[in-house]
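Examining the three-dimensional arrangement
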Amino acid sequence: MSNNVRRRFWRGVWAALKRRPSRIAGLVIVLLFTFMAIAGSWFYPDRLPYDVDNIYAPISWKHPLSTDFEGVDVLALVITGTRGVLLVAAAAGLVTMFVGTAAGLYAGYRRGAPDSVLMRIADFVLTVPGFPLLIVLTTAIDVGTWWKMALVLGLIGWGGLARAVRSQTLSLRERGFIEAARGLGLPTRHIVVKQLLPNIAPYIATNLLLAVTAYIYAQVGLYFLGVLPLDTSNWGVMLNAAVFQSGALISPDALPYLLAPLGAILLLTLGVVLIVDALEEIFNPRLRER
Amino acid sequence: MKRSVCAIAAALAFTLAAGATAGCSPSKPEAKKSGGTYTSVFANHAIDPQSPINPFAGKGNSFTGYNVTPLGIRKNHLTDHNQHYPAIAESWQVSPDGSEITIKLQPNAKWSDGTPVTAEDIKTSAAVAFTQGGSIFAITPGSTGALGEVTIVDEKTVKFTQAPGARNNTFLFSVLAMNVLAKSVWGPQLPADFWDKVKKGAGSDDAAKAARDEITALGKRLITFGPAKDVSAGPFVLESVNASEAILTKNPHFYNADKIGPEKVRLKNYSGNEQIWNYLIAGELDGAPFTATPTNVVEQILKVPGSKKITGLSQVSAALVFNQKYAPFDKVEVRQALAYLIDRSEVQKIGAPDSGKPSEHTHGLIEDAAKAWIGDAEVSKLNPYNPDKAKAEALLKQAGLTKAADGKWMLPNGQPFTFKLQVPNGFSDWVAAGKNVANQLTNAGIAVEATTSADYAVYQKEIAEGKYAAGFWLIALGPSTYNAYARLYGGANGWSAFGGKLAHKPAGEGGNWMGGAETANVAGLGTLNPGELTYQLSQLPVDQAKDTIVKLAKYTNDQLPGIQMWNYVNVKFVNTTRYENFPPDNCECLRETDGVWMQLGYIQPKK
Amino acid sequence: MNSFLWRLAGHLTRGLAMVWVVTTFTFFLIRLMPGDPVQIQYERLIAQGMSPDQAESATAITYGFLPDGPVWQQYLDYLSGLLVLDLGVSVESQGIPVADRVFGAMPWTVILVLSGILISFLIGVGLGVVAALRRSSFVGHSLSIAGSLLHGVPPFVIGIVLAALFTRRWRWFPSGGVYNGDEVAPGFYADFMLNVAYHMVLPASAFALASYGGWLLAMRSSVASVLGDDFLLAAELRGLTSWMRFRYLARNAILPLFTVLAISFGLVFGGAIFIERIFNYPGLGMLLLSSIGARDYSMMSGSFLVITVAVIIANILADLFYSFIDPRVRRQT
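Computed from a prediction, not measured in an experiment: that's the story for all the values here. Counting restarts for each chain: residues are numbered from 1 in the order of the written sequence. The naming scheme follows written order: chains are lettered A onward, ligands numbered 1 onward. The predicted nature of this model means local features are confined to residues of pLDDT at least 70 and side-chain atom pairs, given and counted, to a pLDDT of 80 or more, with totals for whole chains, interfaces and linings taken over all residues.

The next subject is the overall build of chain C. Only DSSP runs of H or I with at least four residues qualify as helices, and only runs of E with at least two residues qualify as strands; both kinds are numbered from the N terminus onward. When helices and strands are tallied, chain C shows 13 helices and zero strands. Residue burial is a threshold on neighbouring C-beta atoms within 10 Å of the residue's own C-beta, all placed from the backbone, with 20 or more meaning buried, 12 or fewer meaning exposed, and counts in between meaning partly exposed. Put simply, chain C has 333 residues, and 49% of those count as buried.

If you want it as structure tokens, here you go:
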């Protein structure tokens with residue numbers, strides 16, 4: 001049964017992707033960034049070479065995206081910066097996935113008191129303005145290391161997923177096959193893992209993709225504002241240096257240094273948007289063209 | 001740097017200014033008059049409409065040089081920190097032993113409400129300064145060089161007497177730096193027996209403590225006080241403040257009013273250097289404060305019609321400073337070797353390309369000040385530590401380090417020699433320079449990583465707690481040589497003066513994070529205690545300080561508690577489209593605000 | 001009406017509980033913060049040339065503005081202060097009430113956020129209907145993609161681009177501030193309002209651009225799902241005019257958007273920090289950022305608390321409004 005669901009799901013995904021070439025492009029973009037995150041830094045030495053006589057170098061084959069304030073190749077900075085950005089976001093996504101799914105499933109399946117308690121907490125997490133909270137948190141706890149950052153981001157952002165999972169669980173719970181499974185006396189564990197999860201998985205996937213994007217931006221944003229130590233390679237660090245220290249908004253020389261991380265963010269957003277477009281069509285068939 | 005070096009380090013006389021939500025009348029301001037509006041940025045502190053018109057308040061709406069002015073304005077003189085331009089004080093006389101200062105006020109100095117500035121006002125100003133404490137106004141039992149008495153000689157003459165006890169050569173400039181406040185505004189805030197309390201507070205019994213507590217409580221109340229309407233003895237009066245700017249109009253009663261060119265001054269708030277650069281490029285500013293500006297932006301600014309750069313002396317240097325508790329920085333050879341390994345001109349090119357000059361020597365003073373104090377001959381005897389790999393290797397080997405086959409240096413205990421170089425976020429020049437130093441040393445076989453603290457606050461705290469092995473630090477703060485050397489041989493290195501006595505705390509205790517040796521033997525000079533020498537500089541008359549400075553310069557050059565990276569250059573951008581007659585390059589007034597320039601007769605509207 | 005009051009009471013209770021939790025949380029959080037404001041001030045005075053003992057006595061004033069006493073006592077004092085809107089005094093600004101500055105900055109943020117949301121809501125809903133009705137066409141598809149893209153792009157990217165284009169490249173709009181104090185003084189007259197509006201155009205547009213995509217997407221899927229509903233079919237069969245059908249459609253499709261509205265306030269205030277920083281707009285976000293730099297605990301918790309309360313109030317209003325216009329909810333309770 002679950003295998004069947006899964007296979008149907010993947011076939012649906014592929015069909016939806018194929019329907020428009022733009023969606024394939026989206027997949028390619030996201031895969032490209034994933035590749036850059038995993039393998040990007042293998043192409044460069046630990047410390048990127050700098051060249052003080054080549055600050056904000058004109059665009060050339062050697063420096064396709066110019067150089068920064070100490071003559072480091074900007075393209076190399078963008079590529080090596082991908083890992084930190086995606087690693088934190090992916091790890092934070094995992095945290096959100098676990099906490100959000102567990103809370104949503106438990107609340108939706110158990111109902112009653114645990115449900116209302118968990119949903120009050122989820123509402124709370126949803127209501128408290130996340131980004132201001134993040135800024136306040138960064139001053140009190142050291143979130144410089146990637147896993148701490150991921151943990152904080154993930155714990156701030158699970159509310160929405162928990163709510164979505166809960167409402168799906170609630171509606172699935174009343175469906176025939178779950179009723180039947182319960183009637184057969186199958187253990188709860190079995191019902192949750194084998195019956196409920198596979199059906200909720202698509203919603204988790206969509207939500208997760210959006211959450212990961214949001215985490216990328218939250219993290220880049222924190223670096224951009226300069227509330228986190230700037231010694232890592234991260235697009236946000238580049239943006240901060242470009243706007244506030246190199247005067248990229250007012251000096252054409254430094255413009256590529258600003259545009260490169262901006263472009264990376266835009267491209268990644270485009271990729272995610274195109275994939276979400278496909279996912280939405282799968283889960284909301286009414287949107288499908290007639 | 002985010003905040004300009006000036007704001008942090010320069011201008012001892014910079015007292016912070018104040019103002020309130022004044023003059024929010026729902027009528028349009030009257031049309032501009034002939035003098036026009038002079039637009040600038042106030043760099044000393046953020047502008048806050050909720051703050052009082054109070055020069056002591058952290059973000060008060062009193063703007064130094066504009067609507068608040070001291071008795072005298074300090075010149076940026078290389079060797080004599082007692083040189084001032086007259087302001088509210090027309091002239092002053094110092095008794096031979098330096099303990100008595102008689103000040104004559106400008107005969108026609110008037111407040112913006114038309115009443116004359118009198119000796120009574122000056123006495124009230126001193127009283128308010130006492131409630132806020134600091135410098136000579138500290139009521140600490142046994143504190144050195146404190147102000148003892150203020151005597152009114154006649155309506156325009158007032159005498160300041162130093163408390164009996166040890167001499168402090170900062171007395172004159174501390175008196176002259178005092179903000180002049182109106183008795184009509186501040187007098188009613190003080191109890192009638194205020195001066196009795198000050199006298200009582202200087203004792204050491206319980207009654208004295210009670211008096212001091214009372215004064216502190218009063219200070220806490222006064223710092224939030226401000227008049228509803230500005231009463232100014234300066235060239236301008238506050239008209240209105242909003243979150244992004246303060247508007248000041250010319251004070252017609254100012255004693256020197258016909259010298260003041262602009263009819264109005266508009267001081268813009270700012271949240272970062274980038275904003276100031278943008279205003280400059282838009283041609284919106286007539287004058288701007290110092291910012292550490294990258295070369296590409298400087299070029300852009302100078303392309304603006306009328307744009308001009310004024311450069312002058314900046315009495316501050318950036319240095320790489322070691323925490324000698326961390327091995328192997330306790331070995332002087334290692335510190336010297338690092339000095340040989342770092343190419344300072346490259347560091348400066350990356351860190352402070354337009355607002356710095358690579359330092360020629362490490363001696364704890366800016367290069368010009370050192371030459372003026374001890375002469376070119378003595379300075380040229382110092383070791384410049386020009387990049388020299390061979391000498392560095394020899395020194396490192398001498399310190400017991402070994403060079404591995406892959407070119408990496410190994411400590412005597414077999415571990416690789418690596419360390420973290422700490423810089424605070426927001427100080428962009430330090431961040432860039434730190435990265436460069438790390439790169440240079442890594443290439444030389446010492447793996448250094450430049451790490452940043454979240455902001456200056458964290459940096460300050462953690463550096464004081466001894467958490468960093470090495471970091472950047474502002475040194476050579478002039479013009480007082482005591483201030484300059486106290487950066488290296490003061491509290492941060494274990495020496496502190498309390499009640500006229502100097503004590504040394506061991507490394508890691510009481511804020512001693514540099515952890516240098518208390519004494520060291522310098523070739524040709526014998527064993528020196530730099531802390532004691534520095535303390536002497538606070539007492540010695542200016543003309544007797546040379547020998548001590550020579551010793552300290554040599555000690556610093558040999559022992560290298562830090563490596564002086566670059567000396568800052570004070571770069572100011574002005575725009576001559578609307579105003580002319582700006583101060584020339586190297587003017588001693590350059591680090592004062594534009595308001596002070598106007599008081600000196602600079603900045604006149606273009607005809 | 002009675003049910004409405006109950007609903008309101010429930011909201012207020014939950015809202016107050018949240019405020020309490022947030023207050024408690026920030027109160028104890030900031031006591032973990034590294035960096036002592038007195039230390040920072042002390043160091044600044046040292047840098048300005050004071051000797052250590054002198055600087056120490058000068059900072060004595062600031063020590064007076066640091067809360068002291070046992071932590072629980074401070075906590076109780078803080079809570080009881082909140083009842084009368086007393087948020088404590090600023091440490092960095094030495095004794096200026098936090099409430100003065102926070103409530104001084106708040107109007108600018110609220111005006112900015114509200115106008116941003118209103119513009120984006122109107123544009124987003126309008127385009128969303130188009131995108132849903134023409135979802136098979138090129139127009140519909142590109143509208144959706146553009147909407148998703150802008151929805152996905154973080155607000156600071158949009159802010160930077162707008163600032164670069166319209167305040168730096170072409171200097172059409174001011175690069176900071178709320179009004180030009182040299183040209184106008186505050187008051188209720190046209191020139192002043194125009195000056196304020198002129199300073200607000202870009203930051204508000206940045207908000208609108210960053211969030212209209214969300215409304216577009218939500219409206220599109222909402223309209224799409226309503227389109228298939230039976231009642232529309234019934235209306236068509238009953239021969240109602242297309243205008244009547246459109247009203248049915250719009251009314252039913254727009255309802256779910258109000259739940260989204262409630263959630264979006266939190267995000268919008270987060271975005272405000274970037275927008276205000278990029279456009280140098282002196283609102284709550286800037287206040288929060290600058291207080292962090294100065295380690296001004298009380299200012300920081302004060303501004304964070306007020307941002308949170310604003311979001312909670314906006315949530316309650318959105319929900320009440322929703323219950324007011326949605327007959328189903330109205331009847332239910």
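Having put the structure on the table, let's press on.
Moving on, we come to the overall build of chain B. Scanning chain B for helices and strands turns up 18 helices and 24 strands. As defined in this context, the radius of gyration uses C-alpha atoms, and a globule is described by 2.2 Å times the residue total to the power 0.38. In terms of C-alpha radius of gyration, chain B reaches 25 Å, essentially the compact-globule figure of 25 Å for 607 residues. Projecting the C-alpha coordinates of chain B onto the three principal axes gives extents of approximately 80 × 65 × 40 Å.

Here helix α11 (residues 284-293) of chain C lies mainly inside the structure; nine of its 10 residues are buried. Residues of α11 of chain C that are buried: L284, G285, M286, L287, L288, L289, S291, I292 and G293 of chain C.

Take the sheet that holds strand β22 (residues 562-575) of chain B next. Residue and element names in this part refer to chain B. For two strands to be treated as a pair, DSSP must find at least two bridges joining them. If you trace the six strands from one edge of the open sheet to the other, you get β12-β22-β11-β17-β15-β16, paired in mixed fashion. Across the chains shown, the open sheet's two edge strands, defined by having one partner strand only, are β12 (356-358) and β16 (447-453). In this sheet, neighbouring strand axes are inclined to one another by 35° on average, regardless of whether the strands run parallel or antiparallel. Direction of pairing for strand β11 (residues 307-322) relative to β22: antiparallel, over a ladder of 12 bridges. The residue of β22 that forms the bridge with K309 is F573. We call two residues in contact when their backbone-placed C-beta atoms lie within 7 Å. To get an axis, a line is fitted to the C-alpha atoms, and for a helix only the part in contact is used. The angle between two axes follows their N-to-C directions and goes from 0 to 180 degrees. Most of the contacts of helix α13 (residues 428-443) go to β16, to which it runs at about 165°, and overall it touches β11, β15 (418-424), β16, β17 (470-475) and β22.

Turning to the interface of chain B and chain A, a few remarks are in order. Taken residue by residue, the interface counts 26 residues in chain B and 22 residues in chain A. As a working rule, the residues Ala, Val, Leu, Ile, Met, Phe, Trp, Tyr, Cys and Pro are called nonpolar, Asp, Glu, Lys and Arg charged, and the rest polar, with Gly in that last group. Along the lines of polarity and charge, the residues of the side of chain B that touches chain A split into nine nonpolar, 13 polar and four charged.

As a further point, take the sheet that holds strand β8 (residues 236-242) of chain B. Residue and element names in this part refer to chain B. If you walk across this open sheet you meet the four strands as β1-β10-β9-β8, and the pairing is mixed. In the strand order of this sheet, the two ends are held by β1 (37-41) and β8, each with one partner. Each adjacent strand pair in this sheet contributes to an overall mean axis angle of 20°, direction not counted. Alignment of β1 against strand β10 (residues 264-268), held across five bridges, turns out to be parallel. Looking across to β10, one finds that Y38 is bridged to V265.

Attention now moves to helix α11 (residues 367-380) of chain B. Residue and element names in this part refer to chain B. Over its 14 residues, α11 extends only 11 Å from the first C-alpha to the last, a length that falls short of the 20 Å expected when each residue adds 1.5 Å. Where α11 bends most, at I374, the angle is about 110°. Listed in full, the buried residues belonging to α11 are A369, A370, W373, I374 and V379. In this structure, the buried side of α11 is in contact with β11, α15 (481-489) and α17 (546-559). To estimate the expected span of a helix, count its residues, drop one, and scale the result by 1.5 Å. Note on bend: the value at a residue is the angle between axes fitted to the seven residues ending there and to the seven starting there.

The next point concerns unusual backbone geometry. Following A327 of chain B, the chain continues to P328 of chain B via a peptide bond in cis, the omega torsion being 0°. Tracing the backbone through its elements, the reader meets P328 of chain B in the loop between β11 and α9 (332-341). Residues other than glycine seldom take positive phi values, yet I603 of chain B does so here, at roughly 65°. Looking at the secondary structure, you find I603 of chain B in the loop between α18 (594-599) and β24 (604-605). Looking at I603 of chain B, the number of C-beta atoms within 10 Å reads 25, which means it is buried. For N280 of chain C, which is not glycine, the phi torsion reads 50° and is therefore positive. Note on N280 of chain C: 25 C-beta atoms within 10 Å, which makes it buried.

Turning our eyes to something else, we now look at the pairing of strand β9 (residues 245-250) of chain B. Residue and element names in this part refer to chain B. By the criterion of burial, β9 is predominantly enclosed, with six of the six residues buried. With six bridges connecting them, β8 and β9 associate as antiparallel partners. Counterpart to F236 in the pairing with β9 is K250. Pairing of β9 with β10 involves five bridges; the strand directions are antiparallel. Each bridged residue has a counterpart across the sheet, and for L248 the counterpart in β10 is V265.

Residue and element names in this part refer to chain A. Checked against the element boundaries, V88 lands in helix α3 (residues 74-110). Judged by C-beta crowding, with 29 C-beta atoms within 10 Å, V88 ranks as buried. Along the sequence, V88 and L153 sit 65 residues apart, while their C-alpha atoms lie 8.7 Å from each other. Excluding residues within four positions of it along the chain, V88 makes contact with W146, M149, A150, Y215 and Q219.

Below, the discussion takes up the environment of K104 of chain B. Residue and element names in this part refer to chain B. For K104, the location among the structural elements is in strand β5 (residues 100-105). For K104 and Y485, which are 381 residues apart along the polypeptide, the C-alpha to C-alpha distance reads 34 Å. Once residues within four sequence positions are removed from consideration, K104 is found in contact with A89, E90, S91, K156 and T157.

Another point: the packing of α3 of chain A against helix α4 (residues 112-127) of chain A. All names here are of chain A. Packing of α3 against α4 leaves a shortest axis separation of 7 Å and a crossing angle of 145°. Like other packed secondary-structure pairs, α3 and α4 cross with a definite hand, here left-handed. From α3, A103, Y106, A107 and R110 reach across to α4, where they touch G112, P114, D115, L118, M119 and A122. Working rule for handedness: look at the near helix, and if it is turned counterclockwise from the far one by less than a right angle, call the crossing left-handed; if clockwise, right-handed.

Residue and element names in this part refer to chain C. Here chain C averages 79 in pLDDT, and 83% of its residues register 70 or above. The predictor rates its confidence in each residue with pLDDT, a number between 0 and 100. The least confident element of chain C, judged by mean pLDDT, is helix α13 (residues 327-332) at 53; the most confident is helix α7 (residues 155-169) at 89. Scored below 50 in pLDDT, residues 47-53 makes 28 contacts in the model with residues more than four places away or belonging to other chains. As scored by the predictor, the complex reaches a pTM of 0.85 and an ipTM of 0.84.

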